[in-house]
Amino acid sequence: MKRTRRFLICAAVVVLCIVVPALSLTAQTLAPVTLKIIACGPPQKDVQLVDDALSAYLKPKINATIVLDQYDWDAWNDKVNLILASGEDADLVFTAPWCSYTTNAPKGAFLDLTSLIKKYGQGILNSSYKWTLDAGHMGDKLYAIPSNQILAQSRGFRLRKDLLDKYGPSVNFKMKDIITPDELEPLFKVIKQKEPDVIPYFGIPSKLLSWLGPWDRQGQFEVTTMNIYDQVPKYINFYDTDYYRKSMDIARKWFLEGLTNQDIATSQADPIDMMKSGKIFSFSQESNHLTQEVESRQTGYTLVLQNVIKPIISTNLVQGTMWAIPRQAKNPERSMMLLNLMHTDKTVQNLLVYGVEGPHYVKKGGNVISFAKGNDPSNPLYYNQVWEWGNQAMNYDLDTDAPNGAKRLADFNNSAVRNSSLGFVYDASNMKNELSELANVAAEFDPQISSGTIDARADGTYQKFLDKLKAGGIDKLLADQNAQLNAWLAANKKK
Amino acid sequence: MAGKKRSFFRNLISSRELLLMLAIPVVYTLVNSYFPMVGVIIAFKDYNFTQGMFRSPWSGFKNFHYLFAMQDAWIITRNTLGYNLLFIALNAIVPVTLALLLNEIRGRMLKKIYQTSMLFPYFLSMVMVSYLVYALLSPDTGVINKEVLPLFGIHGVRWYNEPKYWPFLLPIINTWKNAGYTTVIYLAALAGINPEYYEAIASDGGGKWVQMRYISIPFLQPLIIILSVLAVGRIFNSDFGLFYQVPLQSGSLFPVTNVIDTYVYRALTQTNDIAMASAAGFYQSAVGFVLVLATNLVIRRINPERALL
Amino acid sequence: MKRRALNTVSPGAGAAIHVVFILCTLACVIPFLIVVGVSFTDERIVMRVGYRLIPRVFSLQAYKFLALDIQQIGRSYLISIIVTGVGTVVSLIMTALYAYPLFRKDFPYRRFFAVFLFITMVFNGGLVPFYILYTQYLHLKNSLIALILPYLLNPFYVIVMRTFLTGSIPDSLVESAKLDGAREITVLFRIVAPLALPAFATIGLFTTLMYWNDWFMSLLFISNRQNVSIQYYMLKTMQNIQFMLQNPSVAFKVNRSAMPSETVRMAMAVVGIGPIVVAYPFFQKYFIQGLTVGAIKG
């Protein structure tokens, strides 16, 4: 009897010695795998160096070799759709609404990550806001994981400081926290008078005055939108609002008085380039806390940012940078582990953004770095998009930027206005025909009307626009959108 | 029955050399064009990634609705057809005229210079062309508004806001860009005419007009017909760059610049739907194909030698 | 009174023709010269004043920017030259092999093969199956062959060549050659081809242009930036900028320091066109009437 018991105890110990270590996932027990990351942006010259560095760093952690494949902007949407459709080698894919996320996700291009994230994505769960992860859902499936970056967005005018200082006082112009466009009019008028070669306001068709409000609008020809300041969220016909009409009138006034560029309805020029050339005084676009410094540097003129709205944050904005695991991923668990590290590991993040220390950048103490001698940012060996990866807050600070980027980023995001629609994603599968037609109607009428190049009220074009929107099914679209929104709100309140 | 079978095999054997010549190109065509052609079924499917092309459920003509059921369906179709018919006519008249005239130039050097220069526009992409057209027609800094029209006392023409100019501008730009290319074809054809024919007529007292009428143009006729019929096959397609980039997407011009391809493009930017894109392509192909067959039939009645197929 | 050479136009008509062509030449060449001119202009002047033929402020800035990447440009040029050279030769042979049987009137399957080819001209399965074929089945991703293969047989060129042959080769010639016991392939390359030089030269030129101008295949199949054709390398900058204009919310995020300016885009267009202007005269001599080798005798 004693012998048997001793034998059983020995056996138990032996078994435990084998099983327990096996249960803890160490890299030694993971099979080696190559993970291919599909990202957007210009391919970098030294990408092989970065691949090697990433692989060397990650082998002990998740036993993976990393290959980064990047496709430039022009071809990105086509390429990523081809990769998803053909099922070729891909383990982690960048996605966003502007590159077909909302169409591809419900059609099965991406895996549902709900269980994967619980097992291998704790870091992501811990470091993301609840509404960030909500934005990656469609229905109750988690198709993509938004990255942490500058999520909020404000909108405003950039003014050239030298001319502002010169002529501002004569019209008693005061910088404010928030301004309405017509308050800039006296300033523009005096610029036009005193500086005949400078265009006071340079507009382009996708960023006209009407867009400068607190609207959830990313694409140029979206016909419906939400007012983020509204605490009770609702989809509305963007073109049938008082704000739109007021902007239309202001734009018309400015156009007639020569305060804007003549080709404001069709311009293909880039406002940054125009500002660089010294030809313009102001332009308006989206903005964030970095705008003033970044654009001053890009244009060569000191610019001052005058915002029109407080920062807003909406699902659309949160979805601007997401990562998904495509259905063809050969090892989804490992992909999730990699994504988890991208969100939490500072080394991984900075390898992806700035490259390898030495050839690409040098540390300057603290969190600050500068470009290495052979790495010129205007024609770099490696200088990737700062916002694209897991967590922009982990980035080193460039010595040319203001310090403490992470805190400023968090502050900006937290200062944003949001409403309870944050996290709601609309499924457009049933409204494709209406969307097709309405996009064309908007493309036909909006730029000419809201640029002020025609007197849309007098010649009936504005009314025609509204009629055509109605005939194109905008009411049907709004009904569908609001129905889905309200259902989601109701379900969410219960959570 | 046996007779038919025998002549089938006889034909096969007697043309074996020609069939052998065709072997490689045909295999190539099968692999490169027919194998992927199976993708047209995407147009009729509710395509999803998990089931792929073959197992996604059928959806009949649902993906085609957005091509027809809109307010501007007539305008877009009219624009597409109208411009294409005009382009077919222009593409038959202008390059032929240029080729005939070019042949009359003495002086090899000048001939080469004229010929080479006509090809230059072909090399510029439509985006480039849109920049150049803008340099001409920009409301305030454009050459036309700033230098040319003031000579006639006309000021401030809003080229990009007035639809009425573009039914003229677009054909001019299209001809400017493409005529040089087509002229090369006709020049090569004319180079193959035996000069003795011309000399025969000339010595009989016939002038240039007579020569052109009875030799050059009849000689070019098959080519003109073939090229025109081939163009009919693409009668529902348009040069995207010409109708989207060059007018700078100006909304006021849509009544005369919106064609099927631009409409579909804008629709797809909002919906990003592979199946709907495929449906548009199929719609354009089907219409083109039917019209070519019809045209070919008509031509075959009149003169079987000239038919394409 | 000077004797006019036999069979020329009257001096008046001749002068008129010259005027027409001088105007055409100006209309065709001046825009291109403007592109060249802008590429040599200072960037800020271009933004302020617009396009002008003669640079107001001369600047080599755009070309200096391109020269930074001279290695890649050289490599892309090489790739384009190889692809165009190989592609044109193989494609010409394939086109001739298909056009000849179509031209032979006693070929019983003429119509069948004409329709067979024509259908591919009209119907298209779309990008997805094409991409799957080349990447999943033929495994040609990132291969130069993927830049050559798709264009080897162009139905339009086949039909044009067939029409040329029908117009310039008399049936009697082929019949007599066959009676002498010649094989079809001999007839094609020894007898027909020399007579149809203008046709071959035309198709050869068009094929060269098609391969040289192609950027789409590089976009689809080349994922490393080194092996792209010169046209794609040059054109993608333009297209990136177009994309930015149409997607401003993305543009706002993008790292702009590496985005080339207007003058650089013009310089890129010049660099992309360059060699063709040299290659064209090579083909040109076959179009000039009277140079046809071995005109039909008896």
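This is a predicted model, so every value here is computed, not measured.

## With respect to the overall build of chain A
Thought 1: Counting its secondary structure elements, chain A contains 19 helices and 16 strands.
Thought 2: For chain A, the C-alpha atoms occupy an extent of roughly 105 × 55 × 40 Å along the three principal directions.

## What to know about the overall build of chain B
Thought 1: Helix and strand counts for chain B stand at 15 helices and zero strands.
Thought 2: Against the globule reference of 19 Å for 309 residues, chain B gives a C-alpha radius of gyration of 25 Å, more extended than a compact globule.
Thought 3: Taken along its principal axes, the extent of the C-alpha atoms in chain B is 85 × 70 × 30 Å.
Thought 4: Counting the 309 residues in chain B, one finds 46% classified as buried.
Thought 5: Within chain B, counting contacts between residues at least 6 apart in sequence, those at least 24 apart form 69% of the total.

## Comments concerning the interface of chain B and chain A
Thought 1: Every contact between the two is made by 31 residues of chain B and, on the other side, 33 residues of chain A.
Thought 2: At the level of elements, α4 (65–68), α14 (260–271) and α15 (274–302) of chain B are the ones that each hand at least two residues to the side of chain B that touches chain A.
Thought 3: Here the residues of the side of chain B that touches chain A sort into 13 nonpolar, 14 polar and four charged.

## Thoughts on the environment of P380(A)
Residues and elements named next belong to chain A.
Thought 1: By the element assignment, P380 lies in the loop between β15 (368–371) and β16 (397–398).
Thought 2: The exposure class assigned to P380 is buried, which follows from the 22 C-beta atoms found within 10 Å.
Thought 3: In the structure, P380 is positioned 336 residues away from Q44 in sequence and 7.7 Å away in space, judged by C-alpha atoms.

## Re the sheet that holds β15(A)
Residues and elements named next belong to chain A.
Thought 1: The strand order across the open sheet formed by three strands is β14-β15-β16, and the pairing between neighbours is mixed. Each edge of the open sheet carries a strand with a single partner, namely β14 (361–363) and β16.
Thought 2: Bridging between β15 and β16 involves two bridges; their strand directions are parallel. Across the sheet, the residue bridging to V368 is D397, located in β16.

## A closer look at the sheet that holds strand β8 (residues 199–202) of chain A
All names here are of chain A.
Thought 1: Pairing is mixed across the open sheet formed by four strands, whose spatial order is β8-β11-β7-β12. Each of the sheet's edge strands pairs with one partner strand only, and the pair in question is β8 and β12 (303–307). In this sheet, neighbouring strand axes are inclined to one another by 25° on average, regardless of whether the strands run parallel or antiparallel.
Thought 2: The pairing of strand β7 (residues 154–160) with strand β11 (residues 280–287) spans six bridges and is antiparallel. What sits directly across from S154, in β11, is S287.
Thought 3: Sitting on the sheet, helix α12 (residues 291–299) is in contact with β7, β11 and β12, with an inclination near 140° to β12.

## A few points about helix α6 (residues 127–137) of chain C
Residues and elements named next belong to chain C.
Thought 1: Counting buried positions over the 11 residues of α6 gives nine, a clear majority of the element.
Thought 2: L127, V128, P129, F130, Y131, I132, L133, Y134 and T135 are the residues of α6 that are buried.
Thought 3: Downstream of α6 by one or two residues, H139 has phi in the positive range, about 55°.

## Comments concerning the environment of Y181(B)
Thought 1: Relative to the helices and strands, Y181(B) is located in helix α9 (residues 166–191).
Thought 2: Filtering out sequence-adjacent residues up to four positions away, Y181(B) remains in contact with L119(B) and Y122(B).

## What about helix α11 (residues 197–213) of chain C?
Thought 1: Along its 17 residues, α11(C) runs 24 Å from first to last C-alpha, staying within 8% of the 24 Å computed at 1.5 Å per residue.
Thought 2: For α11(C), the buried fraction is high: 15 of the 17 residues fall into the buried class.

## Overview of the pairing of strand β2 (residues 64–71) of chain A
Residue and element names in this part refer to chain A.
Thought 1: Direction of pairing for strand β1 (residues 33–40) relative to β2: parallel, over a ladder of eight bridges. For T34, the partnering residue across the bridge sits in β2 and is T65.
Thought 2: With respect to chirality, the unit in which β1 leads through helix α2 (residues 47–62) into the neighbouring parallel β2 is right-handed.

## Considerations on the interface of chain C and chain B
Thought 1: On the side of chain B, 77 residues touch chain C, which itself brings 80 residues to the contact.
Thought 2: Looking at the side of chain C that touches chain B element by element, the count peaks at 12 residues for helix α1 (residues 11–39) of chain C.

## Let's talk about the packing of helix α17 (residues 432–450) of chain A against helix α18 (residues 461–471) of chain A
Residues and elements named next belong to chain A.
Thought 1: Where α17 contacts α18, the axes come no closer than 10 Å and their chain directions differ by 165°. Overall, the two elements α17 and α18 adopt an arrangement that is roughly antiparallel. α18 is crossed by α17, and the crossing has left-handed handedness. Contact residues: L438, V441, F445 and I449 in α17; T461, Y462, F465, K468 and L469 in α18.
Thought 2: Here the residues of the contact of α17 with α18 sort into seven nonpolar, one polar and one charged.

## Focus: the packing of helix α8 (residues 155–168) of chain C against α11(C)
All names here are of chain C.
Thought 1: Viewed as axis vectors pointing N to C, α8 and α11 meet at an angle of 165°, and their least axial separation amounts to 10 Å. Comparing the axis directions of α8 and α11 gives the class roughly antiparallel. In the packing of α8 onto α11, the handedness of the crossing is right-handed. Contacts between α8 and α11 involve Y157, V160, M161, F164 and L165 from the first element and A199, I203, F206 and T207 from the second.

## Some points on unusual backbone geometry
Thought 1: The backbone of N172(A) shows a phi angle near 60°, a positive value even though the residue is not glycine.
Thought 2: N172(A) sits in the exposed class, given 8 other C-beta atoms within 10 Å.
Thought 3: Positive phi values are uncommon outside glycine, yet H139(C) reaches one of about 55°.
Thought 4: Looking at the secondary structure, you find H139(C) in the loop between α6 and α7 (145–148).

The rules we used
Residues numbered from 1 in each chain as written. Chains lettered and ligands numbered in written order. Predicted model: local features only at pLDDT ≥ 70, side-chain atom pairs only at ≥ 80, totals over all residues. Helix = DSSP H or I, 4+ residues; strand = E, 2+ residues; numbered from the N terminus. Rg over C-alpha atoms; globule rule 2.2 N^0.38 Å. Buried ≥ 20, exposed ≤ 12 C-beta atoms within 10 Å, placed from the backbone. Contact = placed C-beta atoms within 7 Å. Nonpolar A, V, L, I, M, F, W, Y, C, P; charged D, E, K, R; others polar. Pairing = 2+ DSSP bridges. Axes fitted to C-alpha atoms, helices over the stretch in contact; angles between N-to-C directions. Expected span 1.5 Å × (residues − 1). Right-handed = clockwise from strand over helix to strand, strands pointing away. Parallel < 35°, antiparallel > 145°, perpendicular 65-115°, else oblique. Left-handed = near helix turned anticlockwise from the far one by under 90°.

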